[in-house]
Every structure is written in C-alpha cells, then in structure tokens.
Amino acid sequence: MGKFLKAGRIVVMLQGRYAGKKAVVVKAFDDGSKARSFGHCLVAGIDRAPLKVTRGMSKKKITKRTKVKPFVKYVNYNHVMPTRYQVPNELTPASIATDQQMDTLDGRKEARKFAKSLFQEKFQAPPPDKSGRPSKETRKKLLNILKCEWCDLWSQRHHTHDVRW
C-alpha cells in the first residue's frame, strides 16, 4: 500500500476530543516509533474556528469572534480520515511543529502558539487562486459587502453579510 498521509494533507479527526475537527498532517510515521509502535501522524488543527461577523458588531466583539483556537497532537492512523485536499506549498506544514517540541510541555505550547499565528494569518488574508487574486467565493463576498453600501438599509431585502473569508 502506498504512502497516503504525507505532510500537508488535510484530515478529519474521527475519535476523541477533536472528533469532526479538521487538521493538517505535519509529519507522518508510517512504521511507528519507539514511543508509539503503530502508524501515526503529528497533526495541527483548528479546535474552534472563527464565527460569523456582521456589520453591526463592535470592534471588540469582532476581534473576539475572529480568533482561532488550534491544537497539536499525535494521532493514530485509525482515528483520522484523509480528504482530497492539501495545504498550499507556501504554508510548509513541517515548520508548524517538530518532534523535539512535542516532547516537552513548553514546546507543545510554543507549537500551538505558532499554529495559532499561522492559522490566524491565513484566515485574515486568504490565499489567492491560480490567477493571483482571492478565490471566487472571497470575491463574491467582497462584492456583496461593497454592493450593500448603496442598498437601502430600510428595505425588506436588506441582509447581513458573512465577512468570514
């Protein structure tokens, strides 16, 4: 059987505290290691994703709702489901966490902080598509926001906007 869980693959957690959450494979251990004699991988994922933001919210509420809570952990291959998606090459998942960091409590905290900064940065500035512009969905959301500035606020058809890219 080929190597299907390489670094950068997006997986869905199936068991445990983070069941249903998405994660990125940082490093794969197909043959196991001394501490874990089974096939496993080191993953970094999003425990709490940013929430929807509307125009009427205060800046304080917006900053609170756009925060990302990450997790970094070792997971057995049986407890993850790979998807067809991979992160872009510019993200370099191997830089998120290392084996040496995962050995100590301080190292794990440091890896989690780095993952948080990386995920937060990518959320604030979404990666462009192949043509170098933001993806089509992002452009649609941006156009809806710009279009609404001129629409009648009191009309029945007025709507709130999902600024969550």
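Residues numbered from 1 in each chain as written. Predicted model: local features only at pLDDT ≥ 70, side-chain atom pairs only at ≥ 80, totals over all residues. Heavy atoms only, no water.

Draft legend 1. A look at the side chain of Gln120. Mapping Gln120 onto the fold places it in helix α3 (residues 105–124). The buried category is assigned to Gln120, whose relative accessible area is 17%. A polar atom in the side chain of Gln120 sits 2.7 Å from the backbone oxygen of Thr66. Polar contacts involving the side chain of Gln120 include one to the main-chain amide nitrogen of Val68, which spans 3.1 Å. (Helix = DSSP H or I, 4+ residues; strand = E, 2+ residues; numbered from the N terminus. Buried < 20%, exposed > 50% of the residue type's maximum accessible area, 1.4 Å probe, protein only. Polar contact = N/O pair within 3.5 Å; in protein donor to acceptor, adjacent residues only side chain to side chain.)

Draft legend 2. Molecular detail of the packing of aromatic side chains. Within this structure, the stated rule accounts for 2 aromatic pairs. Ring geometry for Tyr18 and Phe71: centres 4.0 Å apart, planes at 10°, overall stacked. Of this pair, Tyr18 sits in the loop between β1 (9–13) and β2 (22–29) while Phe71 is found in strand β4 (residues 69–76), placing the two residues 53 residues apart along the sequence. Taken as a pair, Tyr18 and Phe71 share a single burial class, namely buried. A centroid spacing of 6.1 Å and a plane angle of 55° characterise the contact between Phe29 and Tyr74, whose relative ring orientation is tilted. Within this pair, whereas Phe29 is found in strand β2, its partner Tyr74 is found in strand β4, the two being separated by 45 residues in sequence. Assessed through its relative accessible area of 13%, Phe29 is described here as buried. (Phe/Tyr/Trp six-rings, centres within 6.5 Å; stacked < 30°, edge-to-face > 60°.)

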